[in-house]
Amino acid sequence: MIPPSFIHDLISRVDIVEVVGRHVQLKKGGANLSGLCPFHAEKSPSFTVSPSKQFYHCFGCGASGDAIRFLTEFSGMSFVDAVKDLAQQAGMTVPEDEQSPAERELATTQRQRRATLTDVLAKAAQAYRKQLKLSPRAIDYLKGRGLSGEIAAQFGLGYAPEGWRSLASVFPSYDDPLLEESGMVIAKAGDESVAASGPSAGPPQAGLLPPGGSDDVPGGRGASIKRYDRFRDRIMFPIRSVQGDVIGFGGRVLDRGEPKYLNSPETPVFSKGRELYGLFEARLALRQRGYALVVEGYMDVVALAQSGLGNAVATLGTACTADHLQKLFRFTDSVVFSFDGDAAGRRAARRALEASLPHASDTRTIRFLFLPAEHDPDSYVREHGAAAFEACVAQAVPLSRQLVEAASEDCDLATAEGRAHMLANAKPLWSALPDGTLKRQLLGELALAGRDNADQLLRQWGHAPAAPQSRSFAPAKPVPRRTGRVSKGTANLLDRAVWLLLHRSEIWTRLDGESHDILAAQAAPYDMFFGCIERCVHEHGAVAPAALLEELRARALSEDEGVAAITRIAAFHDPQPDADFMPELALVIDRLRLQAVEEELKLLFESGLLSPDSQARGKQLMGAQARLKAQLARHQSLETR
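Below, the structure is looked at part by part. (Residues numbered from 1 in each chain as written. Predicted model: local features only at pLDDT ≥ 70, side-chain atom pairs only at ≥ 80, totals over all residues. Heavy atoms only, no water.)

## Focus on the overall build of the protein chain
Definition in use: Put simply, DSSP marks the helices as runs of H or I at least four residues long and the strands as runs of E at least two long, and each gets a number from the N terminus on. Throughout, exposure labels follow a simple rule: accessible area from a 1.4 Å probe, protein chains only, divided by the maximum for the residue type, with under 20% read as buried, over 50% as exposed, and the rest as partly exposed. Only heavy atoms matter for contacts: two residues are in contact if any of them lie within 4.5 Å across the pair.
From N to C terminus, the protein chain includes 25 helices and 17 strands. Within the protein chain, buried positions represent 49% of all 641 residues. For the protein chain, the proportion of contacts with a sequence separation of at least 24, taken over those separated by at least 6, is 69%.

## A few points about the sheet that holds strand β2 (residues 32-35)
Think of a sheet as strands paired side by side through backbone hydrogen bonds, with each pair either parallel or antiparallel. Keep this limit in mind: Pairing between strands is defined by DSSP: at least two bridges between the two strands are required. Only the stretch in contact is used when fitting a helix axis, every axis being a line fitted to C-alpha atoms; angles between N-to-C directions are given from 0 to 180 degrees.
Across the sheet, five strands lie side by side as β1-β2-β3-β4-β5; this open sheet has antiparallel pairing. The two strands at the open ends of the sheet, each matched to only one other strand, are β1 (27-29) and β5 (64-65). Pairing of β1 with β2, which is carried by three bridges, proceeds in the antiparallel orientation. What sits directly across from Lys28, in β2, is Leu33. Sheet strands in contact with helix α3 (residues 67-74) are β3 (47-50), β4 (55-58) and β5, and its direction is about 50 degrees off that of β4.

## Focus: unusual backbone geometry
A positive phi angle, close to 65 degrees, is found at Asp410, a residue other than glycine. Along the chain, Asp410 turns up in the loop between α15 (399-408) and α16 (416-431). The backbone phi angle of Arg451 is positive, close to 55 degrees, even though this residue is not glycine. Relative to the helices and strands, Arg451 resides in the loop between α17 (437-449) and α18 (454-460).

## Structural notes on the packing of aromatic side chains
Heads up, the rule is: Working definition: rings of Phe, Tyr and Trp (its six-membered ring) pair if their centres are within 6.5 Å, and the pair is stacked with planes under 30 degrees apart, edge-to-face with planes over 60 apart, and tilted otherwise. Either the NZ atom of lysine or the CZ atom of arginine qualifies as a charge over a ring when it sits within 6 Å of the ring centre and within 35 degrees of the ring normal.
All told, the structure shown has 22 aromatic pairs when counted by the stated rule. A centroid spacing of 5.8 Å and a plane angle of 70 degrees characterise the contact between Phe39 and Phe70, whose relative ring orientation is edge-to-face. A residue pair is termed long-range when its members are at least 10 positions apart, and Phe39 in the loop between β2 and β3 and Phe70 in helix α3 qualify at 31 residues. Summarising the burial analysis for this pair, Phe39 and Phe70 share the class buried. Across from the ring centre of Phe329, 4.2 Å away, lies the NZ or CZ of Arg364, which sits over that ring.

## Let's talk about the packing of α15 against α17
Heads up, the condition is: Orientation categories follow fixed angle ranges, with anything under 35 degrees roughly parallel, anything over 145 roughly antiparallel, 65 to 115 roughly perpendicular, and all other angles oblique. Helix crossings are classified by the rotation of the near helix relative to the far one: an anticlockwise turn of less than a right angle makes the crossing left-handed, while a clockwise turn makes it right-handed. Under the grouping applied here, Gly and all other residues not named as nonpolar or charged are polar, the nonpolar ones being Ala, Val, Leu, Ile, Met, Phe, Trp, Tyr, Cys and Pro and the charged ones Asp, Glu, Lys and Arg.
For the pair α15 and α17, interaxial distance at closest approach is 11 Å and the crossing angle is 40 degrees. Considering their axes alone, α15 and α17 lie oblique with respect to each other. Read as a crossing pair, α15 and α17 show a hand that is right-handed. Side by side, α15 and α17 meet where Leu399, Ser400, Leu403 and Val404 of the first sit next to Leu438, Leu442, Glu445 and Leu446 of the second. Tallied by class, the residues present in the contact of α15 with α17 amount to six nonpolar, one polar and one charged.

## Quick look at the layout of surface pockets
Where empty space is left in the structure can be found by rolling a water-sized probe over the atoms. The following threshold applies: With a 1 Å grid laid over protein atoms only, a set of points is called a cavity when a 1.4 Å probe fits there but cannot get out and a pocket when it is open yet has protein on both sides within 12 Å along at least five of seven lines; lining residues have an atom within 4 Å of a point. Grid points are joined across faces, edges and corners, and a volume is the space filled by probe spheres set on the points.
Roughly 1600 Å³ of volume is contained in the second largest pocket. A total of eight residues in the lining of the second largest pocket trace back to one element, the largest contributor, which is helix α5 (residues 101-133). When its residues are assigned to classes, the lining of the second largest pocket shows 13 nonpolar, 14 polar and 14 charged.

## Things to note about the pairing of β4
A two-sided burial pattern is seen for β4, the buried positions comprising Phe55 and His57 on one face and Tyr56 and Cys58 on the other. Two elements, β3 and β4, share four bridges in a ladder whose sense is antiparallel. Residue pairing in the sheet places Phe47 in a bridge with Cys58 of β4. As paired strands, β4 and β5 are joined by two bridges and run antiparallel to one another. Across the sheet, the residue bridging to His57 is Ser64, located in β5. Hairpin geometry of β4 and β5 is characterised by an intervening segment of five residues between the two adjacent antiparallel strands and by a positive phi of about 90 degrees at Gly62.

## So, the nonpolar core
For the record, the criterion: What makes a nonpolar core is a set of buried Ala, Val, Leu, Ile, Met, Phe, Trp, Tyr and Cys residues whose side-chain atoms join them at distances within 4.5 Å.
Grouped together as the largest cluster of nonpolar side chains are 61 residues, with contacts concentrated most on Tyr128, Leu157, Phe249, Tyr277 and Phe389. With seven residues, the top contributor of residues to this core is α5. Of all hydrophobic cores here, the second largest spans 44 residues; its members include Leu328, Ala348, Ala426 and Leu433.

This is the structure we're talking about:
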């Protein structure tokens, strides 16, 4: 675990303008800088960056946060990776107390090795792009598939020539072990006899090995090692990480040959089960269109992007995995899988369903699109157009229905035996879902389809009856997150809110979602306090004040501000036994809401932004400010009577 104090120091030392400026063109305007928001489509700027507060905010879509949040949201990095990336830029070392010196040295060596391999792959990608320009045959092939030069450049498409050793003219030493380790070159003993299955599927047949040369080296049993390019006479699709580094390739034959697609082998920088083709290129479109479309082929991704559907990504010749889903859900809360309507497509859908179930929370949407058997996304969009394809997406099957259909496959629901079989099939699928409303509702649907009682079915499956759950503790995007630190000095509104919930934790469940969001968006350590209260109430129901105070105190030990806040809160007077805290807590939350509105208004005025989104947001904020002030004034008037 990275200490909160290190995160605080890191944020204070990095320049958010520099971090955001690498990806967004910023212009100076008063004390802040502005630009087009990278998280939604807009024609005039509503996105502002504050150097003094080390904070960004969009008045159009509500995206906001610090430098770490920007990297996780824009680049899809994990929190730890974003911290490490910023720490490296700031010349800081991330504390890794749990690692031994040997483990840290090994991690450093592995990072250097990966960087070297990506350099090799980037150089190969550049060479393939140059070769594409020199090959009329390859260019005609891409034009025949309806691709433009612009889309080819966007995805970095290239061409691997027919020669055995075209990369020998790219790299000074063709026998460099890095070429083999990166998967670009194959090394085989010269007397080895293997059958070739295509233009570049693997080692050539005996007698057809590439001619010997200066790059051959003695092999075992007196044979020489023959080295030759893995990819030959193929359209090359660079596979990039979410950071934009080339980590592998997919190669497609131009004419006939097997395999039609050939991927790079597993390397220290490339794993098919973790990477998605086109994710780097699709980042902005995922946010603009609101969902990710998962397809099966490179050409599907590129063809859809050519048609204006740039939110498609592809698995790399393997079934969708949990790692794939985790990456996608960093960018969007909605995923649509697209499969052929044939038997193979149904099998692929079943595997995608099983991988998706643990990630199907109440706030995410997962759907399944089945095209006609004669079409894949590439052919469908070229024949019918983007609008027709989007109409198909709108009719995609939701995960809940797909689960019921998968469980019902080969089951005759008109018979008791068939219904029992269906419920037996459904049990492992339903059990894989995370707890929440979706899981409870699906239980009811399965029980109805199986003509069973939901509570009885739950007990039969070995689960206790589901307890009521409160709303998930997560700040909504329109609520700007407070990234500063609260003073260690006198008590404040947030101390009062914690104290009220400490003594009447059960009223947490009576708060509406917006109130939860307001509290969740507060600066450290209060975000941690409210999160702790939410978890305790969710897991145990109403908690005794002394027990909850100890839990909060334990959480606060990791940072000075937390200790100071808990000390203040614990010193408050004891409440009256029959006191109703709900009205006072509602008042405190209204004051926090007014505080947040006024801070955003100040930021908007300081930015000087005049975009339609910014002006509309300004009107909303001023209206909210007036309503909240009037509401608080009425409350104060009632108190003074």
